[in-house]
Amino acid sequence: MHFDKELDARGLNCPLPILRTKKALAEMSSGQVLKVVATDPGSVKDMQAFAKQTGNELVSSAEAGGEFTFFMKKK
Amino acid sequence: MDEKKLAIIATKGTLDWAYPPLILASTGAALGYTVQVFFTFYGLQIIRKDISGLKVSPLGNPGMPMKMPFGPKWFQGINWNIPNAIQAIVPGFESLATVLMKKTIANNGVATIEELRTLCQEADVKFIACQMTVDLFGFDHDDFIDGLEYGGAATFFEFAGESDICLFI
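In this text the structure is predicted, and so the values were computed from the model without any measurement. (Residues numbered from 1 in each chain as written. Chains lettered and ligands numbered in written order. Predicted model: local features only at pLDDT ≥ 70, side-chain atom pairs only at ≥ 80, totals over all residues.)

*Asks:* Outline the overall build of chain A, supporting the account with residue identities and numerical values.
*Replies:* Summing up its helical and strand segments, chain A has 2 helices and 4 strands in all. Element order for chain A, N to C, with α for helix and β for strand: β-α-β-α-β-β. Viewed in the frame of its principal axes, chain A has a C-alpha envelope of about 30 × 25 × 20 Å. Counting the 75 residues in chain A, one finds 31% classified as buried. Once local pairs closer than 6 in sequence are excluded, the contacts in chain A between residues at least 24 apart make up 61%. (Helix = DSSP H or I, 4+ residues; strand = E, 2+ residues; numbered from the N terminus. Buried ≥ 20, exposed ≤ 12 C-beta atoms within 10 Å, placed from the backbone. Contact = placed C-beta atoms within 7 Å.)

What follows is the structure in structure tokens.
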């Protein structure tokens with residue numbers, strides 16, 4: 001999937017993946033896509049909740065080999 | 001757009017209890033909440049420049065597992081059930097537990113208190129220190145980090161009265 005920026009949140013635990021995502025999105029423009037890779041299993045629910053509450057779109061969410069990959073489209 | 005508001009009172013001064021107010025405040029800010037944290041009594045320890053006073057004690061805290069953050073997996077899995085009476089008489093037990101806790105925090109990719117504090121302030125979380133308890137404990141404004149406001153209960157109510165979520169921690 002196309003993305004404009006990548007955030008490596010591997011090894012970080014709650015709430016850091018969300019805080020870093022928020023920070024990364026702040027530096028992007030509307031419609032751009034951020035790719036986030038995390039290892040915190042809690043981030044799956046948290047990313048959904050973040051998207052729902054902030055209006056950014058969680059385009060996809062996938063797990064492979066203990067890593068979670070998210071694509072978040074900025075509002 | 002009507003922004004949601006989160007008001008938190010932070011009253012605890014131990015390393016473990018320093019986390020919940022800062023985690024919720026920073027996350028709230030990331031979700032678009034306007035956030036204020038009112039630090040009072042022992043919660044003032046969280047916003048001191050020197051936070052070496054933030055410790056964690058397993059003494060009298062049956063909910064705290066005592067596990068080692070190093071060594072082989074079987075060793076890390078052991079829960080050291082040390083009786084309160086022994087914890088109380090071993091000098092430096094609390095400091096040792098704090099060192100182990102900090103190591104565990106780092107191993108788990110959990111942020112440090114300083115890091116969360118900075119993230120909160122960068123996200124415009126407003127920190128208010130309770131002036132009455134600052135005086136009561138003999139602290140000086142110089143003892144605390146920059147960017148604080150000092151106020152009393154009425155200051156807290158001004159914001160908390162309009163908040164969507166209000167937590168006493």
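*Asks:* Describe the interface of chain B and chain A, with residues and values.
*Replies:* In this complex, chain B contributes 11 residues to the contact, which on the side of chain A involves 11 residues. Looking at the side of chain B that touches chain A element by element, the count peaks at 4 residues for helix H1 (residues 15–30) of chain B. Classifying every residue of the side of chain B that touches chain A by side-chain character gives 6 nonpolar, 5 polar and no charged. (Nonpolar A, V, L, I, M, F, W, Y, C, P; charged D, E, K, R; others polar.)

*Asks:* Please provide a residue-by-residue account of the nonpolar core, values included.
*Replies:* Within soluble globular proteins, side chains that are nonpolar tend to cluster in buried spots. Residue and element names in this part refer to chain B. Residues Ile-8, Ala-25, Val-37, Phe-39 and Ala-129 are the most contacted members of the largest nonpolar core, which totals 50 residues. Broken down by element, this core gets its largest block of residues, 7 residues, from H1. The residues contacting Phe-39, other than those within four sequence positions of it, are Ala-10, Leu-44, Ile-46, Ile-47, Phe-127, Ile-128, Ala-129 and Cys-130. (Core = buried A, V, L, I, M, F, W, Y, C linked by C-beta atoms within 7 Å.)

*Asks:* Give a description of the packing of helix H1 (residues 16–26) of chain A against helix H2 (residues 43–54) of chain A that names residues and reports values.
*Replies:* Residues and elements named next belong to chain A. Here H1 crosses H2 at 40 degrees, and the two axes come no closer than 10 Å. By the criterion of interaxial angle, the relationship of H1 to H2 is oblique. As H1 packs across H2, the resulting crossing turns out to be right-handed. Facing H1, whose interface residues are Pro-17, Ile-18 and Thr-21, H2 presents Ser-43, Asp-46 and Phe-50. Of the residues assigned to the contact of H1 with H2, the class counts are 3 nonpolar, 2 polar and 1 charged. (Axes fitted to C-alpha atoms, helices over the stretch in contact; angles between N-to-C directions. Parallel < 35°, antiparallel > 145°, perpendicular 65-115°, else oblique. Left-handed = near helix turned anticlockwise from the far one by under 90°.)

*Asks:* Requested: an account of the pairing of strand E1 (residues 5–9) of chain A, with residues and values cited.
*Replies:* Where E1(A) and strand E2 (residues 33–38) of chain A come together, 5 bridges link them in parallel fashion. By the bridge assignment, A:Asp8 is partnered in E2(A) with A:Val37. (Pairing = 2+ DSSP bridges.)

*Asks:* Residue-level account of the environment of B:Ile145, with values.
*Replies:* By the element assignment, B:Ile145 lies in the loop between helix H6 (131–136) and strand E4 (149–151). The spatial distance from the C-alpha of B:Ile145 to the C-alpha of B:Ile47 is 6.1 Å, given a sequence separation of 98 residues.

*Asks:* Now, about the sheet that holds E4(B): what can you tell me, with residues and values included?
*Replies:* Residue and element names in this part refer to chain B. As summarised here, the arrangement of the 5 strands in space is E4-E3-E2-E1-E5, forming an open sheet in which the pairing is parallel. The sheet terminates laterally at E4 and strand E5 (165–168), the two strands that pair on one side only. Taken over all neighbouring pairs, the strand axes of this sheet differ in orientation by 20 degrees on average, direction set aside. Packed on one face of the sheet, helix H7 (residues 153–160) meets strand E1 (5–10), strand E2 (34–39), strand E3 (126–130), E4 and E5 and runs near 150 degrees to E1.

*Asks:* Can you break down the packing of H1(B) against helix H5 (residues 113–122) of chain B residue by residue, with the values?
*Replies:* Residue and element names in this part refer to chain B. Relative to each other, H1 and H5 sit at 30 degrees, their axes nearing to 9 Å. The two elements H1 and H5 cross, and the hand of that crossing is left-handed. Counted together, Ala-18, Leu-22, Ile-23, Ala-25, Ser-26 and Ala-29 of H1 and Ile-113, Leu-116, Arg-117, Leu-119 and Cys-120 of H5 form the full contact between these two elements. Each residue belonging to the contact of H1 with H5 can be placed in one class, and the counts come to 9 nonpolar, 1 polar and 1 charged.

Just distances and angles here, no functional claims.
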